[in-house]
Structure formats: structure tokens, C-alpha cells
Amino acid sequence: MQAIRALMVLAGLTAGWMAGMLACTSDASAQAQNYPSRPVRVVIVFPPAGATDIVGRVAYQKVGEQLGQQFIIDNRPGAGGTIGANIVAKSPPDGYTVMVYSATFVATAHMYKKLPYDALKDFIGITPIARLVGVLVVHPSLPVRTVKDFIALAKSRPGEISYGSAGVGAYQHLAGSLLANTAGIKIVHVPYKGGSPAAVATAAGEIQALLTPISEALPQMKANRVRSIAVSSDKRVAQYPDLPTIAETLPGFEFVSWMGSFVPAGTPMPIVEKLNAELKKAVADPGVIANFSAQSLDIMHSTPAEFAKLIRDEYVKYESIVKISGARLD
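Residues numbered from 1 in each chain as written. Predicted model: local features only at pLDDT ≥ 70, side-chain atom pairs only at ≥ 80, totals over all residues. Heavy atoms only, no water.

Before going further, it helps to spend a moment on helix 2 (residues 51-67). Along its 17 residues, helix 2 runs 24 Å from first to last C-alpha, staying within 8% of the 24 Å computed at 1.5 Å per residue. Within helix 2, 12 of the 17 residues are buried, leaving the element largely enclosed by the surrounding structure. Within helix 2, the full set of buried residues consists of Ala-51, Thr-52, Asp-53, Ile-54, Val-55, Gly-56, Val-58, Ala-59, Tyr-60, Lys-62, Val-63 and Gly-64. Of the residues one or two after helix 2, Gly-68 is the one with positive phi, at around 65°. (Helix = DSSP H or I, 4+ residues; strand = E, 2+ residues; numbered from the N terminus. Expected span 1.5 Å × (residues − 1). Buried < 20%, exposed > 50% of the residue type's maximum accessible area, 1.4 Å probe, protein only.)

Have a look at this one:
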């Protein structure tokens, strides 16, 4: 009899647990159906006019149109994006604060002795949104027209050629240091407060070179204020088929990045999946595709699980890239 009673109690507990789980699932699903019922804050961790800002604004403007709700852009730049990321990590996990960050998200985890958040545990990746390719540009006064010329000049003038970046550990810094390491040259890193200011500085002759996302160099490229040398992808880009790749001179060289969207850990998965589906629709829109293409950005989309794997893989990859750059911040 005691055994029977024990089984009945266990069965009752199990039924109660299952009922509770079903209720939670039902609540989360209902919450997702009504989401968003108020404006959503989109924290972009870099300044306006940069590649990440462009991607976040264009994509979430479309999502807002699709859902009939405001997605309000909130630029929170600084410290390689970690200021904005910390804001998001500490926000309520209810889907009303989302983040747009680049692959620098995983790079910074290896640059700071201690971050106020855990990049792998405190966020859920919704999806990557766009793939980013860099371009090596130089001030027109620099007597180089090819990667081979650039390397030869740098070897003849070690430590005299400067290259800019959006800050220590930013795309431009890591790409430039990887190029220098691969080519065996010594060039001087000069950080600015964003990729666009670094491009302007290159055009003004404050620095001699810049390996930056194409979208951030475009205004200077179109105005012929800088000379375009090569792209950082393993294959030539469709928008500039005459521009060679760096890899054509340095076999195996590739430095591309991505911009993606995140929410705080604990955000209900039905909301994550709804945002994922809406972003998938957004980046399939012809207007969004045309906008991204004009910036030499490639559309990306994946499931949250696929994005989680990409983040883990990139986390490992960037450990060695950051080590090469020597980027360390307190």
C-alpha cells in the first residue's frame, strides 16, 4: 500500500510539473502573439553612420513596418561596443530591448581583463543580418596602387606608415594588424572614435591607410579622396569586380565580419523566434536588399541555433586574431 501511495504522490507531482510547464509555454506563446505591444528599443553599440548602424537601422525600420510598432534606435557607442552590450545584458529579458553588434562582440571578450557581462552566457543571438567585407584604401599621396606596392613601401619604411581604426580592437584594428602580421610589415595603429572618422582622416592625409568596411569608406571612395587597393574577402565582390582581393597577393588572407542582433539571456524563445522570422522577412525585402547591396553588404540570416554555433566558432577564432593584434584593455 505504501508503494502504491508513493507512486500516486509521484504521479501527482509529475502531473503538476507538466501542467506548470504547459502553462509557462502557453503564457510565453501568448506573450509572443501580442508582441510587441509597445515600442522596442534597438541598442546599436557603435556610432551613427557606421556599417553596424546602417544595418541595424535599415533592418529594424523594416521590422517595425511589418509589425506596425516603433523600433527606436538608441546608439550607445564606446569601449568597442561593450558599453551598449552591458546596457542590454542588464535589461529586462522581455524582448523590448534588442541589440545590434558586429563580430567585435566576441573579439572584445578576449581584449578586456574583465567585462561586466559574459558574451557567451548573457545573450541570445537572434540572427546574423549582414556580412561585411573590408577594403584597403590609402591617401592618394601614397605611391602605391597594389597590395604588392603597399607591402614593398611598408618594408622600405618600417614604422612610418600609419593606419586608422574605429578604436582598439575594432574591425579596422584587427584587420590591419592581421594584414601586417601576414605580410611581415610594421605599420602604426592610430585609433579614432569610429570607422567613418577614420575614413575622413585617411582622406585628409592624417593617416596613410585604412582597412575598413566598404560601406564606411564609400563616401571617400566615390569622391576620389582615397585610392582603393583591394578587398579583404577571399573572392572579389560583385559591386567592385575590378578590385582584387588581398589574398591574390597574400594567399589565405581573409578578414570579413558580420552584424547580428541579440537579446538578453532569459528572453522567451517564442519572442526570439518571432524576431528571427520578422528579420528574415525584412532582409528578403527588395528595398532592404538594394540598400545593403549599395553599401556592399551581403544579406545574412540563420536560425538562433545556427547563430549560436557561429558565435562559439568565432569566439575561438578571434582569440588568435586578438593575440596577433596585441589589443588589451583594462
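Counted residue by residue, strand 9 (residues 256-264) has 9 buried out of 9 residues, so it is predominantly covered. One ladder, built from 9 bridges, connects strand 4 (residues 123-138) with strand 9; its direction is antiparallel. Bridging from a neighbouring strand, Ile-124 pairs with Val-263 of strand 9. (Pairing = 2+ DSSP bridges.)

This part takes up empty space enclosed by the protein. For the structure shown, the criterion picks out 1 cavity of 30 Å³ or more. Approximately 30 Å³ is the volume attributed to the largest cavity. Along the walls of the largest cavity sit Leu-136, Phe-150, Tyr-163, Gly-176, Leu-179, Ile-187, Ala-209, Leu-210 and Leu-211, which together make up its complete lining. At the level of elements, helix 6 (171-183) and strand 7 (209-213) are the ones that each hand at least two residues to the lining of the largest cavity. In terms of residue count, strand 7 provides more of the lining of the largest cavity than any other element does, 3 residues in total. Among the residues making up the lining of the largest cavity, the classes are represented as 8 nonpolar, 1 polar and no charged. (1 Å grid on protein atoms, 1.4 Å probe; cavity = no way out; pocket = protein on both sides within 12 Å on 5 of 7 lines; lining within 4 Å. Points joined across faces, edges and corners; volume = space filled by probe spheres on them. Nonpolar A, V, L, I, M, F, W, Y, C, P; charged D, E, K, R; others polar.)

What follows deals with the nonpolar core. General note: in soluble globular proteins, nonpolar side chains tend to be found buried as a group. Counting 85 residues, the largest nonpolar core has Tyr-60, Met-99, Tyr-101, Phe-105, Phe-150, Phe-255 and Phe-262 as the members making the most contacts within it. When residues in this core are grouped by element, the largest group, 8 residues, is from strand 4. Those residues within four positions of Phe-105 in sequence are excluded, and the remaining contacts are Met-99, Ala-119, Phe-123, Phe-262 and Ile-311. Residues Val-133, Ala-198, Ala-217 and Leu-218 belong to the second largest nonpolar core, which totals 16 residues. (Core = buried A, V, L, I, M, F, W, Y, C linked by side-chain atoms within 4.5 Å. Contact = heavy atoms within 4.5 Å.)

Further remarks concern the layout of surface pockets. One number sums up the size of the largest pocket: a volume of about 440 Å³. Around the largest pocket, the lining is made up of 33 residues, and of these Phe-46, Pro-47, Ala-166, Ala-170 and Gly-194 lie nearest the centre. Those elements giving two or more residues to the lining of the largest pocket turn out to be helix 2, helix 6 and helix 7 (195-204).

It is worth spelling out the packing of aromatic side chains at this point. Enumeration over the complete set of coordinates arrives at 12 aromatic pairs. Centre to centre, the rings of Phe-262 and Phe-307 are 5.3 Å apart; their planes meet at 45°, and the pair counts as tilted. In this pair, Phe-262 is assigned in strand 9 and Phe-307 in helix 11 (residues 304-325), connecting sequence segments 45 residues apart. Accessibility assignment for this pair places Phe-262 and Phe-307 in one class, buried. Put simply, the rings of Phe-46, Tyr-101, Phe-105, Tyr-117, Phe-123, Trp-258, Phe-262 and Phe-307 pair up and form one aromatic cluster. Over the ring of Tyr-96 we find Arg-38, and its NZ or CZ is 3.7 Å from the ring centre. (Phe/Tyr/Trp six-rings, centres within 6.5 Å; stacked < 30°, edge-to-face > 60°. Lys NZ or Arg CZ within 6 Å of the ring centre and 35° of its normal.)

As a packed pair, helix 2 and helix 9 (residues 269-283) sit with axes 9 Å apart at the nearest point and diverge in direction by 110°. When the interaxial angle is binned, helix 2 and helix 9 end up roughly perpendicular. Across from Ala-59, Tyr-60, Lys-62, Val-63, Gln-66 and Leu-67 in helix 2, the residues of helix 9 making contact are Lys-274, Glu-278, Leu-279, Lys-281 and Ala-282. The residue makeup of the contact of helix 2 with helix 9, split by class, is 6 nonpolar, 1 polar and 4 charged. (Axes fitted to C-alpha atoms, helices over the stretch in contact; angles between N-to-C directions. Parallel < 35°, antiparallel > 145°, perpendicular 65-115°, else oblique.)

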